[in-house]
Amino acid sequence: MERFAQLPIEIHPGVTAALAAAALVGAPLGHDFAVLSLSDRLKPWETIAQRVQACCTADLAFAVYNPKSRARPHQIDTFIELLRRARSPETLIIKVRAVGCEQEQYSVSTLADFTSDDVDMRTVLIVGSSRTRRVAVGDRQRVYTPRRYD
């Protein structure tokens, strides 16, 4: 695109929404992790499903972008069904909506109790590994994934 070649561009490092969401609750992405998108605009759903399965098989914690849109509201439920076949009902799932904004809010639930009712395109999900833990610190719930294996 030659017409843009002379535009002055500066690149500044930033914090991804997944890392900002994780920092709200502790360190759920504190060990090996992956980041996936549920959007099938540029790749087929079969590829997304394979990647979800790979994360589950590898027992990785992973963050999920684009979990539910008006054009494809059904995919979040298909995603949750994939998780329920591969992960324990006690698997922790963190929902963070509007990360970094005044409307920011989060919740921590188990896969067994997860609902997609309040999930939208402004939501980042973090799915814990089998080692991800929840602890109470004061009046807040903190979530972390240990880096050490016994």
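Heads up: these notes are all about the structure in this document. Being a predicted model, the structure only gives us computed values, none of them experimental. (Residues numbered from 1 in each chain as written. Predicted model: local features only at pLDDT ≥ 70, side-chain atom pairs only at ≥ 80, totals over all residues. Heavy atoms only, no water.)

## Some points on the overall build of the protein chain
Scanning the protein chain from N- to C-terminus turns up three helices and eight strands. Counting from the amino terminus, helix and strand elements in the protein chain follow one another as α-β-β-α-β-α-β-β-β-β-β. Overall, the protein chain is about 55 × 35 × 35 Å in size when its C-alpha atoms are taken along their principal axes. Taking all 150 residues of the protein chain together, the buried fraction comes to 40%. Long-range pairs, those at least 24 residues apart, make up 68% of the contacts in the protein chain between residues at least 6 apart in sequence. Just so you have it, the protein chain exposes about 9300 Å², and 52% of that area is on carbon and sulfur atoms. (Helix = DSSP H or I, 4+ residues; strand = E, 2+ residues; numbered from the N terminus. Buried < 20%, exposed > 50% of the residue type's maximum accessible area, 1.4 Å probe, protein only. Contact = heavy atoms within 4.5 Å. Areas by Shrake-Rupley, 256 points an atom, 1.4 Å probe, with all protein chains shown as cover.)

## Observations concerning helix H1 (residues 17-25)
If you check which residues of H1 are buried, you get Ala-18, Ala-21, Ala-22, Leu-24 and Val-25. With its buried residues spanning 150° around the axis, H1 presents them on a single face. Where H1 ends, the next residue or the one after it, Gly-26, has phi of about 135°, a positive value. (Arc of directions from axis to C-beta.)

## With respect to the sheet that holds strand E8 (residues 140-144)
Sheet strands associate in pairs through backbone hydrogen bonding, adopting either a parallel or an antiparallel arrangement. The strand order across the open sheet formed by three strands is E1-E8-E7, and the pairing between neighbours is mixed. The two strands at the open ends of the sheet, each matched to only one other strand, are strand E1 (26-27) and strand E7 (133-137). Pairing between E1 and E8: two bridges, direction parallel. Paired with Gly-26 across the two strands is Val-143, which belongs to E8. (Pairing = 2+ DSSP bridges.)

## Observations concerning the side chain of Thr-123
Inspection of the secondary structure puts Thr-123 in strand E6 (residues 123-127). On the basis of relative accessible area, Thr-123 is assigned to the buried category, the value being 3%. In contact with Thr-123, not counting residues within four places along its chain, are Val-64, Pro-67, Lys-95, Val-96, Arg-97 and Asp-118.

## What to know about the pairing of strand E2 (residues 33-37)
Every regular strand shows the same layout, with side chains that alternate between the two sheet faces. Pairing between E2 and strand E3 (residues 61-65): five bridges, direction parallel. Residue pairing across strands places Leu-36 opposite Val-64, the latter belonging to E3. Chirality of the crossover, the property in question, places the unit of E2, helix H2 (residues 45-57) and E3 among those that are right-handed. (Right-handed = clockwise from strand over helix to strand, strands pointing away.)

## Describing the pattern of salt bridges
Per the counting criterion, the structure on display carries four salt bridges. With a shortest N-O distance of 4.0 Å, Glu-81 and Arg-85 are connected by a salt bridge. Here the residue Glu-81 and the residue Arg-85 both occupy positions in helix H3 (residues 75-86), the gap between them amounting to four residues, near one helical turn. Exposure remark for Glu-81: the relative accessible area of 39% places this residue in the partly exposed category. A relative accessible area of 62% means that Arg-85 is categorised as exposed. Of the charged contacts, one joins Arg-97 and Asp-120 as a salt bridge, the two residues approaching to 2.8 Å between their closest N and O atoms. Here the residue Arg-97 occupies a position in strand E4 (residues 92-97), and Asp-120 occupies one in the loop between strand E5 (105-110) and E6, the gap between them amounting to 23 residues. (Salt bridge = Lys/Arg side-chain N within 4 Å of Asp/Glu carboxyl O.)

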